[in-house]
Amino acid sequence: MKRFFIGILALILAAGCSLPPEIPVTRAELMRTRVYRQYVIDESPEEVLNALNKEGEVILESKRNVPGKDYLVYLKLLATSDGIEVLPYDR
């Protein structure tokens with residue numbers, strides 16, 4: 001019984017890990033998300049692409065591109081089979 005629960009736990013943990021995408025993400029796909037227009041991001045697109053293609057996800061510290069205001073957010077970019085998914089979280 002104990003082995004069964006350890007096996008289930010190992011399966012859940014393995015499923016929760018991010019994996020690199022099967023097809024590498026391109027710069028054009030990244031630019032179609034418009035994250036560099038909607039947010040102020042310090043990392044270059046090449047750095048973000050390298051992280052996405054290596055890990056499958058990247059979390060960036062950024063802020064919303066609103067003149068005169070600073071809205072600090074974390075951006076989580078996920079490389080999925082349907083394209084790049086952008087998830088903003090308030091800091």
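Residues numbered from 1 in each chain as written. Predicted model: local features only at pLDDT ≥ 70, side-chain atom pairs only at ≥ 80, totals over all residues. Heavy atoms only, no water.

Chemist: Help me understand the overall build of the protein, please; the structure alone is not making it clear to me.
Modeler: The helix and strand tally for the protein stands at four helices and four strands. For the protein, the sequential pattern of α-helices and β-strands runs α-α-α-β-α-β-β-β. Scored against the burial criterion, the 91 residues of the protein give a buried share of 24%. Residue pairs at least 24 apart in sequence account for 37% of intrachain contacts in the protein once pairs closer than 6 positions are excluded. (Helix = DSSP H or I, 4+ residues; strand = E, 2+ residues; numbered from the N terminus. Buried < 20%, exposed > 50% of the residue type's maximum accessible area, 1.4 Å probe, protein only. Contact = heavy atoms within 4.5 Å.)

Chemist: What should I look at first to understand the sheet that holds strand 1 (residues 39–41) in this one?
Modeler: Two modes of strand pairing occur in sheets, parallel and antiparallel, and in both the strands are linked by backbone hydrogen bonds. One open sheet accounts for four strands, arranged 1-2-3-4; its pairing is antiparallel. Taken across any chain shown, the strands that pair with only one partner, and hence form the sheet edges, are strand 1 and strand 4 (83–90). Neighbouring strand axes in the sheet, compared pairwise and without regard to direction, differ in orientation by 40 degrees on average. Seen against the sheet, helix 4 (residues 45–55) touches strand 2 (57–64), strand 3 (72–80) and strand 4 and runs at an angle of roughly 145 degrees to strand 2. (Pairing = 2+ DSSP bridges. Axes fitted to C-alpha atoms, helices over the stretch in contact; angles between N-to-C directions.)

Chemist: Could you clarify how one ought to interpret the pattern of salt bridges in this entry?
Modeler: Any two side chains of opposite charge can pair, so long as their charged atoms come close to each other. Following the criterion strictly, the structure yields four salt bridges and no others. Here lysine 76 and glutamate 57 are joined by a salt bridge, their closest N and O atoms 3.6 Å apart. Residue lysine 76 is found in strand 3, and its partner glutamate 57 is found in strand 2; the two are separated by 19 residues along the sequence. The class of lysine 76 is partly exposed, set by a relative accessible area of 23%. The class of glutamate 57 is partly exposed, set by a relative accessible area of 26%. (Salt bridge = Lys/Arg side-chain N within 4 Å of Asp/Glu carboxyl O.)

Chemist: Please explain the packing of aromatic side chains as it appears in this structure.
Modeler: The geometry of an aromatic ring pair is captured by the separation of the ring centres together with the interplanar angle, meaning the angle of the planes. Throughout the structure, instances matching the rule amount to zero aromatic pairs. The side chain of arginine 91 reaches across the aromatic face of tyrosine 74, ending 5.5 Å from its centre. (Phe/Tyr/Trp six-rings, centres within 6.5 Å; stacked < 30°, edge-to-face > 60°. Lys NZ or Arg CZ within 6 Å of the ring centre and 35° of its normal.)

Chemist: Is there a simple way to explain the side chain of serine 62 in this structure?
Modeler: Inspection of the secondary structure assignment puts serine 62 in strand 2. Note on serine 62: relative accessible area 3%, which makes it buried. Not counting the four nearest positions on each side in its chain, serine 62 is found in contact with Tyr39, Val40, Ile41, Tyr71, Leu72, Val73, Leu75 and Arg91.

Chemist: Sorry if this is basic, but what is going on with the nonpolar core here?
Modeler: The nonpolar side chains of a soluble globular protein tend to be buried with one another. Within the largest apolar cluster, 15 residues are counted, with the highest numbers of intra-cluster contacts made by Val48, Leu52, Leu60 and Leu77. Tallying contributions element by element places strand 3 first for this core, with four residues. Excluding residues within four positions of it along the chain, leucine 52 makes contact with Pro21, Val25, Glu57, Val58, Leu77, Leu78, Ala79 and Ile84. (Core = buried A, V, L, I, M, F, W, Y, C linked by side-chain atoms within 4.5 Å.)

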